[in-house]
Amino acid sequence: SFEPRQIIANCLSILRVPIGIIIFLRMTRPDNSNDLVILVAFICALISDYLDGRVARGGRGINRLETSTIGKWLDAFTDFILFFFIYLAFYRKGQMPGVLFALFLTREIMMYLWIRPTAMILKINHGAHLAGKVKTALQFVGVSILILIHHTTLLRIDPTIELKIITLTVFFILVTVSATSLIWYWKSILINWPKSQARLPQQLLAIVILLTFLQILIYIFLGPGKSTPIELIIIIIIYHIIFGSCIFWR
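Basis of the calculations
Residues numbered from 1 in each chain as written. Predicted model: local features only at pLDDT ≥ 70, side-chain atom pairs only at ≥ 80, totals over all residues. Heavy atoms only, no water. Helix = DSSP H or I, 4+ residues; strand = E, 2+ residues; numbered from the N terminus. Contact = heavy atoms within 4.5 Å. Areas by Shrake-Rupley, 256 points an atom, 1.4 Å probe, with all protein chains shown as cover. Phe/Tyr/Trp six-rings, centres within 6.5 Å; stacked < 30°, edge-to-face > 60°. Buried < 20%, exposed > 50% of the residue type's maximum accessible area, 1.4 Å probe, protein only. Salt bridge = Lys/Arg side-chain N within 4 Å of Asp/Glu carboxyl O. Axes fitted to C-alpha atoms, helices over the stretch in contact; angles between N-to-C directions. Parallel < 35°, antiparallel > 145°, perpendicular 65-115°, else oblique. Nonpolar A, V, L, I, M, F, W, Y, C, P; charged D, E, K, R; others polar. Arc of directions from axis to C-beta. pLDDT = per-residue confidence, 0-100. Polar contact = N/O pair within 3.5 Å; in protein donor to acceptor, adjacent residues only side chain to side chain. Left-handed = near helix turned anticlockwise from the far one by under 90°.

1. Notes on the overall build of the protein chain
- Within the protein chain one finds 10 helices and 0 strands.
- Ordered by position from the N terminus, the helices and strands of the protein chain form the series α-α-α-α-α-α-α-α-α-α.
- Across the protein chain, contacts joining residues at least 24 apart in sequence account for 80% of those joining residues at least 6 apart.
- Only carbon and sulfur atoms are counted for the fraction: they give 71% of the accessible area of the protein chain, which is about 13,800 Å².

Structure below.
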């Protein structure tokens, strides 16, 4: 019962998943200092992100509400998958700090395992807030700059301290804006939370954050190694997000 326009829009969204994988594989090659395939693939992802919205908004029909909800989830989720593979490639190459990568991953996992399911239960609009749209737009702009300066000769910068500063600054801005955009999504949940359980979500969130930091500190100070790998911290964070999500759904 899906409209053809919605099917096309969803396929355009899903297209960003293989594009993200292609970019990751090309970026992690030993010699990719001038790889235009990365730039072309990312431009294709940018075009698909623009077109899927245009095509979906042109749809009309009895099932528009159902398909538009699926489309909104797919659009946002495939954006996350695309940037996940790109950020993972930069992280593996040592060009993105592990702390920023962990913060990015935490934000996105919290969005799709915690905030969006809770919003669906509370019957809150599934669409992206203005803050989320700004975040996505900045990600496309920021990643475009990073690809240009790292993988093409179109905007070549000498591999000196200036390149590291530019890369770190761009990632810091992107991740900070991304994490900050959660405030508006949380605000919608708090406003629509049942009045009989006022302040319960704030208390649950505070407890989960406290337990997460406590677990990380335990591994840092009592772990067998001299340092705690960022991958272990990410696993701890994901575990507590799932734990907190189940509490919120209940």
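2. Comments concerning the environment of L12
- Structurally, L12 can be placed in helix α1 (residues 4–14).
- Taking the C-alpha atoms as reference, L12 lies 5.5 Å from S48; in sequence the two are 36 residues apart.

3. Some thoughts on the environment of D79
- Looking at the secondary structure, you find D79 in helix α4 (residues 64–92).
- Separated by 65 residues in the primary sequence, D79 and I14 place their C-alpha atoms 9.2 Å from one another.
- Apart from the residues lying within four places of it in its own chain, the contact partners of D79 are R16, D49, T136 and F140.

4. Considering the packing of aromatic side chains
- Scanning the entire structure with this criterion turns up 20 aromatic pairs.
- Between the aromatic rings of F42 and F140, the centroid separation amounts to 5.7 Å while the plane-to-plane angle is 45 degrees, which identifies the pairing as tilted. With F42 in helix α3 (residues 36–57) and F140 in helix α6 (residues 130–151), this pair connects stretches of sequence that are 98 residues apart. Both residues of the pair, F42 and F140, belong to the buried class.
- Pairing F84 with F85 gives two aromatic rings, centres 5.4 Å apart and planes at 65 degrees, and the pair type is edge-to-face. An identical accessibility class is assigned to F84 and F85; each is buried.

5. What about the pattern of salt bridges?
- Applying the stated criterion across every chain yields a total of 5 salt bridges.
- A salt bridge links E108 to K135, with the nearest nitrogen and oxygen atoms 3.7 Å apart. Placement of the pair is E108 in helix α5 (residues 98–121) and K135 in helix α6, with a sequence separation of 27 residues.
- Relative accessible area serves as the criterion here: at 2%, E108 is assigned to the buried category.
- A network of salt bridges, in which partner residues are shared, links R16, D49, D75 and D79.

6. Observations regarding the packing of α1 against helix α2 (residues 16–27)
- Their axes nearest at 4 Å, the elements α1 and α2 cross at an angle of 15 degrees. When the interaxial angle is binned, α1 and α2 end up roughly parallel. Across the interface between the two elements, L12, S13 and I14 from α1 touch R16, V17 and P18 from α2.
- Here the residues of the contact of α1 with α2 are counted per class, giving 4 nonpolar, 1 polar and 1 charged.

7. Section: α1
- Of the positions making up α1, those classed as buried are Q6, A9, N10, L12 and S13. In an axial view of α1, the angular spread of the buried residues amounts to 155 degrees, which keeps them on one side of the axis.

8. Examining the confidence of the model for the protein chain
- Taken over all residues, the pLDDT of the protein chain has a mean of 82, while the share at 70 or more is 85%.
- Per-element confidence in the protein chain ranges from a low mean pLDDT of 80 for α4 to a high of 92 for α2.
- Ignoring residues within four places in sequence, the model shows residues 59–67, a span with pLDDT below 50, making 11 contacts including any to other chains.

9. Section: the side chain of S181
- Mapping S181 onto the fold places it in the loop between α7 (161–180) and α8 (182–192).
- A distance of 2.6 Å separates a polar side-chain atom of S181 from the backbone oxygen of S178.
- Here S181 is in contact with R107, A131, G132 and K135, once residues within four sequence places are set aside.

10. Re the packing of helix α9 (residues 200–222) against helix α10 (residues 230–249)
- Closest axis-to-axis distance for the α9/α10 pair is 10 Å, and the angle between their directions is 155 degrees. Accordingly, the angle class assigned to the pair α9 and α10 is roughly antiparallel. As α9 runs across α10, the sense of the crossing is right-handed. From α9, P201, L204, L205, V208, L211, T212, Q215, I216 and Y219 reach across to α10, where they touch L232, I233, I236, I237, H240, F243, G244, I247 and F248.
- Of the residues in the contact of α9 with α10, the class split is 14 nonpolar, 4 polar and no charged.

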